[in-house]
Structure formats: C-alpha cells, structure tokens
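Chain and residue survey
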Amino acid sequence: MFTRLALGLTAALSLSLPAAAETLRLSHNTGDQTTWQKGADKFAELLAAETGGAYDVRVFPNAQLSGGDQMKQAEMTGRGAIDLVLTSAINVTPLAPEMAAFSLPYLYPDYAAVDRTTAGAAGDKMEEIMEGHGIHVLAWGENGFREVTNSKRPITSPADMAGLKMRVAGPMYIDVMNDLGANPQQMQWTETFPALQQGVVDGQENPIGAVIIPQRVYEVQKYITPWHYSYDPLFLGISKARWDGFDDATKAQFQKAADEAMAWQIQISRDATAEGLEFLKEQGMEVYEPSAEELAAFREATKPSFEKWSNQIGADIVQLFTDEANAQ
C-alpha cells in the first residue's frame, strides 16, 4: 500500500513539474555590449516566454564556439555543431558568395532600399541559398552602413585612402580597399582593437551604432567619415537539421520570437546610429561628412570591385537586388 501511494505521488509530481529546458547555443561575432548581443539576448528572452521555458538559449559572443573564427560559425551551424548563429552577410561569403550582394559598394541610397531587399524577393533568394548550406534563416537584423575610421588623417576623397593599413572583415572589402589604394588586412574582430591600439593597422570600417560605439573604437581612432559605402545585414539562423525536427507549433514560436527580436535589434541599431556622430564628436573624433559629389568619386573608384563581385554573385541576383533597391 505504501509503495503504491509513493509511486502515485511521484507520478503526480512528475506531471506537475515542468520539463527541463532544452539548451540551445547561439554564437555571434562581436562583444557582449553590442546590438548583436542585445538582439541575441532579446531572442532568448522572447523564445523562453513563447515556449513556456521549454528552450534556454545560451549566447556566446566573440565567436567563442568557433575558436574566434567569425567566418566559421555559419559552416558549423550548417552541419549542426552550433544550434543558432547571428552573423552578418559578409561573414558567410566564403560559404555562400551570393550573400555578398547585400554589401556591394554603394548599392543602397538609404534604409528604405535596404528594407525592400531583406523583405522582398532578394531576401527570399538569399534564404533559399542559405537553406542549401544547412541553415534556416529565421529573420534579418542589422549591422548597418559601414563607415571608415582611421588614426592618420581625414578621409575626404579616394586619394586620402592611399597607403592606409585598413582592417577589413572579408574578401570583397579587400578588393574595395585595393581599389582605393589602401593596404587591406583581413583579421578577426577580436584581434582588431589591439591592432588599432598598437598601430598594426591604421583604420577599420564598421557601422556606428552596432560596432564603433559599443566596441569603443573611438578610443583608438581619431577620424571618421560616414561614407555609407557598404551595407551589412545580420541574420539569425538555425541549423536546418534542428529546425526540420520541430513540429509546426514550435516552428511558429521560434519564428515569432525571431521576428520580434530582430525588428527590435534593427530599431536600436538605427537609433544608436542616428545619435552616434554627435556622441563621437563629444569623444574627440573628427567627423567629415562628404558631399554628394565627393561620394560620387568614391562610388566611381570602387566600380571595379562592384563589377568583379557582380560576376561572382551572378548577374540575375545582382539585378534582383538592384531592382528592389531602386524601386519607388
């Protein structure tokens, strides 16, 4: 009798207690003070709420899960070694060269043009391509328009870039810097701040709100030119193998959390960017805002990279992006 009662109580307790949360690992490129981290944390918070605590997302900044190699995260996610990744389009071009379409030099005039591509057929095409590499794209976020900083001189024309040692994130940006006469050096973000501090490189290019301010680049750089030369979206992706194992209800919960988290991440990134130049001035940076004519000179100088990468990406995809970016 006692044994039956004890077993009955144990069974009742097991039914009343929530199941242990399943832990998912999410990797991203940058430090834990950036809008990347904030977006990842928001997704973790929303997913826990949506699923009643069934999933616990642990966030790993600075590409910790891939040994600091930000280019390797997507490949690891594609084969299921990492559950979730928040990374930028330019960082997956070794895996999917077509993703460089987002970042072609001087493709986008403004945020509205960006949003047309991520929400339209261009974004759908990129999601299809990433699916083929084992990653299901849940939602698009924002790294932002990449601006140039350096410790040597104001950048007012392509000639001012000559000879500058510039840290870049990916192969296309190497070509762009070569077009401008700079000396590009590709390195992981975790290595960049000390390289700037020690003068190993003179400058770098990154978005203001997502990276330059939260990563305190202004402490080791004197000059900034907001030249909007390239845009870099983020995407929140999940291993396709794991995604395919969810039922429809779980997929809907993940999708809702991802959509809300990335919409919020985009907004805080744009807000930080809008306020950023004044903040950087207050920190002692010299800001040079180029005129339309000066921007046209940069655009002309970087045409060889645009054409080279258009050929690698594919004319049909570039046309898709161009049409949506320029739509009225």
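Everything below is about the structure printed above this text.
Calculation notes
Residues numbered from 1 in each chain as written. Predicted model: local features only at pLDDT ≥ 70, side-chain atom pairs only at ≥ 80, totals over all residues. Heavy atoms only, no water. Helix = DSSP H or I, 4+ residues; strand = E, 2+ residues; numbered from the N terminus. Buried < 20%, exposed > 50% of the residue type's maximum accessible area, 1.4 Å probe, protein only. Contact = heavy atoms within 4.5 Å. Phe/Tyr/Trp six-rings, centres within 6.5 Å; stacked < 30°, edge-to-face > 60°. Core = buried A, V, L, I, M, F, W, Y, C linked by side-chain atoms within 4.5 Å. Pairing = 2+ DSSP bridges. Right-handed = clockwise from strand over helix to strand, strands pointing away. Expected span 1.5 Å × (residues − 1). Arc of directions from axis to C-beta. Axes fitted to C-alpha atoms, helices over the stretch in contact; angles between N-to-C directions. Parallel < 35°, antiparallel > 145°, perpendicular 65-115°, else oblique. Left-handed = near helix turned anticlockwise from the far one by under 90°. Nonpolar A, V, L, I, M, F, W, Y, C, P; charged D, E, K, R; others polar.

Some remarks on the side chain of Gln73
As for its placement among the helices and strands, Gln73 is situated in helix α3 (residues 73–78). Given the relative accessible area of 0%, Gln73 is considered buried. Those residues in contact with Gln73, other than ones at most four positions away along the chain, are Ser27, His28, Asn29, Ala63, Ser66, Ile82, Val85 and Thr87.

Here's the deal with the packing of aromatic side chains
Applying the stated criterion to the full structure yields 15 aromatic pairs. Geometrically, the ring pair formed by Tyr173 and Tyr229 is tilted, given 5.7 Å between the ring centres and 50° between the ring planes. Taken together, the residues span a long stretch of sequence, with Tyr173 in helix α6 (residues 171–179) and Tyr229 in strand β8 (residues 223–239) at a distance of 56 residues. Here Tyr173 and Tyr229 have matching classes, each one buried. Relative to Phe279, the ring of Tyr218 lies with its centre 5.4 Å away and its plane at 80°, an arrangement referred to as edge-to-face.

Thoughts on the nonpolar core
Met99, Tyr108, Met161, Trp227, Phe235 and Phe321 are the most contacted members of the largest nonpolar core, which has 49 residues in total. The element best represented in this core is strand β4 (residues 135–150), accounting for 5 residues. Residues Ala44, Leu86, Trp189 and Leu196 belong to the second largest nonpolar core, which totals 42 residues.

A short note on the pairing of strand β2 (residues 55–60)
Sheet topology places strand β1 (residues 22–28) next to β2; 6 bridges connect them, and they run parallel. Paired with Thr23 across the two strands is Asp56, which belongs to β2. Note that the unit made of β1, helix α2 (residues 35–50) and β2 has a crossover that is right-handed.

Some points on helix α13 (residues 315–326)
End to end, α13 covers 16 Å across 12 residues, agreeing with the expected 16 Å (1.5 Å per residue, within 8%). Residues Ile317, Val318, Phe321, Glu324 and Ala325 constitute the buried set of α13. Here the buried residues of α13 occupy an arc of 135° about the axis, which is enough to place them on one side. Away from its buried face, by an angle of more than 90 degrees, α13 presents the exposed residues Ala315 and Asp316. Where α13 is buried, its residues meet α4 (111–119), α5 (121–131) and α12 (303–313).

A look at α12
Burial in α12 covers these residues: Ser305, Trp309, Ser310 and Ile313. All buried residues of α12 lie within an arc of 130° about the axis, which places them on one face of the element. Those residues of α12 that are exposed and angled more than 90 degrees off the buried face are Glu307 and Asn311. In this structure, the buried residues of α12 make contact with α6 and α13. One or two residues past the end of α12 sits Gly314, with phi positive at roughly 115°.

What to know about the pairing of strand β7 (residues 203–206)
Residues Gly203 and Glu205 of β7 are buried on one face, and the alternating residues Gln204 and Asn206, pointing to the opposite face, are buried as well. In the sheet, β4 pairs with β7 via 4 bridges, with the strands oriented antiparallel. What sits directly across from Asn150, in β7, is Gly203. One ladder, built from 2 bridges, connects strand β5 (residues 165–168) with β7; its direction is parallel.

A word on the packing of α2 against helix α10 (residues 248–282)
Where α2 contacts α10, the two axes come as close as 8 Å, and the packing angle between them is 150°. One finds that α2 runs roughly antiparallel with respect to α10. The handedness of the crossing between α2 and α10 is right-handed. Residues Thr35, Trp36, Lys38, Gly39, Lys42, Phe43, Leu46, Leu47 and Glu50 of α2 pack against Gln253, Phe254, Lys256, Ala257, Ala258, Glu260, Ala261, Met262, Trp264, Gln265, Ile268 and Ser269 of α10. Per-class residue counts for the contact of α2 with α10 are 11 nonpolar, 5 polar and 5 charged.

These figures capture arrangement, not role.
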